[in-house]
Amino acid sequence: MEPFGQVDGVEVGAVVLGRAGGVQARVTPYGARLTELWVPDRAGVCADIVLGHADAAGYVATKAYLGATCGRYANRIAGGSFVLDGRAVQLDQNEGAKHLHGGRAGFDRMIWELADLSDRAVTLTAESPDGDMGYPGRLSMQVRYWLDDADRLWIAMEAQTDAPTVVNMVNHSYFNMAGSGSVMGQDLRLGATHYTPVDADLIPTGEVRAVAGTAFDFNALRKIGAKLPSDMGFDHNWCLTGPLEPKWGEALRFCAEAVDAESGRRMEVWTTEPGVQFYTGAFLAGGLPGKDGAPIAPFTGFTLETQRFPDSPNRPQFPSARLEPGQRYRHLMAFDFTPAAG
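Since the model is a prediction, treat every value here as computed from it, not as a measurement.

Rules behind the numbers
- Residues numbered from 1 in each chain as written.
- Predicted model: local features only at pLDDT ≥ 70, side-chain atom pairs only at ≥ 80, totals over all residues.
- Heavy atoms only, no water.
- Helix = DSSP H or I, 4+ residues; strand = E, 2+ residues; numbered from the N terminus.
- Rg over C-alpha atoms; globule rule 2.2 N^0.38 Å.
- Buried < 20%, exposed > 50% of the residue type's maximum accessible area, 1.4 Å probe, protein only.
- Contact = heavy atoms within 4.5 Å.
- Areas by Shrake-Rupley, 256 points an atom, 1.4 Å probe, with all protein chains shown as cover.
- Lys, Arg positive; Asp, Glu negative; His and termini not counted.
- Charge placed at Lys NZ, Arg CZ, Asp CG, Glu CD.
- Polar contact = N/O pair within 3.5 Å; in protein donor to acceptor, adjacent residues only side chain to side chain.
- Pairing = 2+ DSSP bridges.
- Axes fitted to C-alpha atoms, helices over the stretch in contact; angles between N-to-C directions.
- Core = buried A, V, L, I, M, F, W, Y, C linked by side-chain atoms within 4.5 Å.
- Phe/Tyr/Trp six-rings, centres within 6.5 Å; stacked < 30°, edge-to-face > 60°.

A tally of regular secondary structure across the protein chain gives one helix and 31 strands. Its C-alpha radius of gyration of 19 Å places the protein chain within 12% of the 20 Å reference for a compact globule of 342 residues. Considered along the principal axes of its C-alpha atoms, the protein chain spans approximately 60 × 50 × 40 Å. Burial statistics for the protein chain: of 342 residues in total, 57% are counted as buried. Contacts spanning at least 24 positions in sequence make up 65% of the contacts within the protein chain whose residues lie at least 6 apart. Summing over all exposed atoms, the protein chain offers an accessible surface of approximately 12,900 Å²; the carbon and sulfur share of this is 52%. Seen as two clouds, the 30 positive and the 41 negative side-chain charges of the protein chain have centres 3 Å apart.

By secondary structure assignment, the location of His331 is in strand S31 (residues 329–337). Within the local environment of His331, its side chain forms a polar contact with the backbone oxygen of Met169, the two atoms lying 2.7 Å apart. Polar contacts involving the side chain of His331 include one to the side chain of Tyr329, which spans 3.3 Å. Once residues within four sequence positions are removed from consideration, His331 is found in contact with Ile155, Ala156, Met157, Met169, Val170, Thr271, Thr272, Glu273, Thr306 and Gln307.

Two modes of strand pairing occur in sheets, parallel and antiparallel, and in both the strands are linked by backbone hydrogen bonds. On the basis of which strands lie adjacent, the open sheet formed by six strands has the order S17-S29-S26-S22-S19-S20 and antiparallel pairing. Of all the strands in the sheet, the pair left with one neighbour each is strand S17 (174–175) and strand S20 (209–210). As paired strands, strand S19 (residues 192–196) and S20 are joined by two bridges and run antiparallel to one another. Within the sheet, the bridge partner assigned to His194 lies in S20 and is Ala210.

On to the sheet that holds strand S3 (residues 24–28). On the basis of which strands lie adjacent, the open sheet formed by five strands has the order S1-S2-S3-S4-S5 and antiparallel pairing. A strand with exactly one partner marks an edge of an open sheet, and here the two such strands are strand S1 (2–7) and strand S5 (46–48). Averaged over all adjacent pairs, the angle separating strand axes in this sheet is 20°, with direction ignored.

The next thing to look at is the pairing of strand S14 (residues 153–161). When you tally the buried positions in S14, you get eight out of nine residues, the bulk of the element. The sheet contact formed by strand S13 (residues 139–147) and S14 spans nine bridges and is antiparallel. Following the sheet pairing, Arg144 is matched in S14 by Ala156. Taken together, S13 and the strand that follows it, S14, pair antiparallel across an intervening segment of five residues, in which Asp151 is found at a positive phi of about 60°.

Glancing now at the nonpolar core. Buried together is how nonpolar side chains tend to be arranged in soluble globular proteins. Leu37, Trp112, Met169, Trp238, Met267, Phe278 and Leu304 are the most contacted members of the largest nonpolar core, which has 60 residues in total. Per element, the largest residue contribution to this core is five residues, and it comes from S13. Filtering out sequence-adjacent residues up to four positions away, Phe278 remains in contact with Leu188, Leu190, Phe218, Ile224, Phe234, Asp235, His236, Trp238, Phe302, Thr303 and Leu304. One finds Phe4, Val12, Leu51 and Ile296 within the second-largest nonpolar core, a separate group that totals 15 residues.

In this structure the tally under the stated criterion is 21 aromatic pairs. Pairing Tyr174 with Tyr279 gives two aromatic rings, centres 6.1 Å apart and planes at 65°, and the pair type is edge-to-face. Separated by 105 residues along the polypeptide, Tyr174 in strand S17 and Tyr279 in strand S26 (residues 275–279) bring together distant segments of the chain. Each member of the pair, Tyr174 as well as Tyr279, carries the same accessibility label: buried. Ring plane angle 40° and centroid distance 6.2 Å describe the contact between Phe175 and Phe302, whose orientation is recorded as tilted. Taken together, the residues Phe175 in strand S17 and Phe302 in strand S29 (residues 302–307) connect sequence positions 127 residues apart. Classification of Phe302 by relative accessible area gives buried; the value is 0%. Taken together, the ring pairs in this structure connect Phe175, Tyr195, Phe216, Phe218, Phe234, Trp238, Phe278, Phe302 and Phe335 into an aromatic cluster.

Honestly, that's just the spatial picture; any functional story needs more than this.
Shown next, in the form of structure tokens:
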């Protein structure tokens, strides 16, 4: 493990998976986060396609969740509360009256334990005690990053509990398929015919609405910035349409295809989850220091947070995020990199 700086006086490192000149990932135990992802273009030239900072201090200083594992429940819960088995559960309210990404001391702020490491895989573990940020039950978590023989990046998030609780862990990487600049001219396709509209607080209204004929229709590749719902871009959940199907030895559904036409850098995302939060980074604060000295600014990265739907604990019509003792939560993502034709 190479040095990566300090968090609250504790030294944290980073590990590199893969090889230079091919797909290569860098991961740190601070937040179990992906800090670099080098991917070749159609000419074989690699660029780092995730936003981040040069060292741990940069991640400590910002609340942008760059590359982090977020939880216990990622995305938003209205009022920071829900009812579980007839009992009101009050969570940390860290975005106004809302609960966001697990609270002020969520999984993104933990220093995870290094459980296993090889040239192409790393496994990180952590514990979330009963009552952590208000959640019931003690949760044991594991995140594994690995590169397979075809240079696909996989992320597996797993958890077990000793009491009924809710779990929705996500990877919060911000992607830029060119490696720099605005993402508004890059192309995106989503495997979804419906999305969940939100209110002024970005909480789902409970409706599931068709994307056809709206700015939310990404059923065919199109420029991200070609049609926006507002000046703030997108920060919404899409309901993934496809069934789970055999894919690379796992049961996955298609989530997204992202392409930078100029370089030919292309990524497909597959997942086990029923939804994806596509966010175009409108709230990224201008002037945040990036890894290469260039500032991180609004619309310089987008997220594809595969997930259970936001506010699901308050919406019984949404896919359940409940986890029982004896069950294992398993959320799998696969990123496939095949250059687009010139």
